[in-house]
Each structure stands twice: as C-alpha cells, then as structure tokens.
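Now for the letters of each chain:
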Amino acid sequence: MRRCPQCRRETEWQDNPWRPFCSERCRIIDLGRWASEDYRIALFDDPDEVKFDLEDELAKSEES
Ligand SMILES: [Zn+2]
C-alpha cells in the first residue's frame, strides 16, 4: 500500500489509473494547484453541462 500524496489515505497501487493519487478527485485537486485555470475550463466542457444548458434554452423559448 502507498499513501496518496493529496489526502494521505492509503491507496491501492496496482491497477490504479490515478496513481500516485487514490482517485481522480485527488489528482485533479493536486493538478489544480498549478493549473487551476485549465481545469476550470475542462470541467465546464463537460457534455452533460452542455446538454443541460440546451434544455434550459429550449424551456425558455417555449415560454415566450
Ligand atoms: Zn487521495
């Protein structure tokens, strides 16, 4: 077992795509320290967000 450098929890090392971190979340937090702007953009580029915005726009156009 290794310790995650972000949250210090013991984490499985083998078959862990996020190593040396325990999870995607810890990896993003760590990267965010030096690339927070890039990550904010990446998070807003989520396809679910775009779909949600489109549905919101459709609802607005139906009202008027
Ligand atoms: Zn962690």
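(A) Fine view of the overall build of the protein. In terms of regular secondary structure, the protein is built from 2 helices and 2 strands. For the protein, the N- to C-terminal ordering of α and β elements is β-β-α-α. Within the protein, the fraction of its 64 residues that count as buried is 6%. Excluding contacts between residues fewer than 6 apart, the proportion of contacts in the protein whose partners are at least 24 apart in sequence is 6%.

(B) Unusual backbone geometry, seen in detail. Arg19 connects to Pro20 through a cis peptide bond whose omega is 10°. Structurally, Pro20 is set in the loop between strand E2 (10–11) and helix H1 (24–44). Positive phi is not limited to glycine here, since Arg8 has a value of about 70°. Relative to the helices and strands, Arg8 resides in the loop between strand E1 (2–3) and E2. The class for Arg8 is exposed, based on 10 C-beta atoms found within 10 Å. Non-glycine residue Asp15 carries a positive phi angle of around 60°. Turning to its location among the elements, Asp15 is positioned in the loop between E2 and H1.

What counts as what
Sequence order as written defines the numbering, with residues in each chain counted from 1. Only residues with pLDDT of at least 70 get local features here, since the model is predicted, and only at 80 or more are side-chain atom pairs given and counted; chain-wide, interface and lining totals rely on the full set of residues. Numbering goes from the N terminus for both helices and strands, where a helix is a DSSP run of H or I of at least four residues and a strand is a run of E of at least two. Neighbour density around each residue's C-beta defines its exposure: 20 or more other C-beta atoms within 10 Å make it buried, 12 or fewer make it exposed, and counts between make it partly exposed, where C-beta atoms are placed from the backbone. Note that contacts rest on C-beta atoms placed from the backbone: two residues are in contact if these are within 7 Å.

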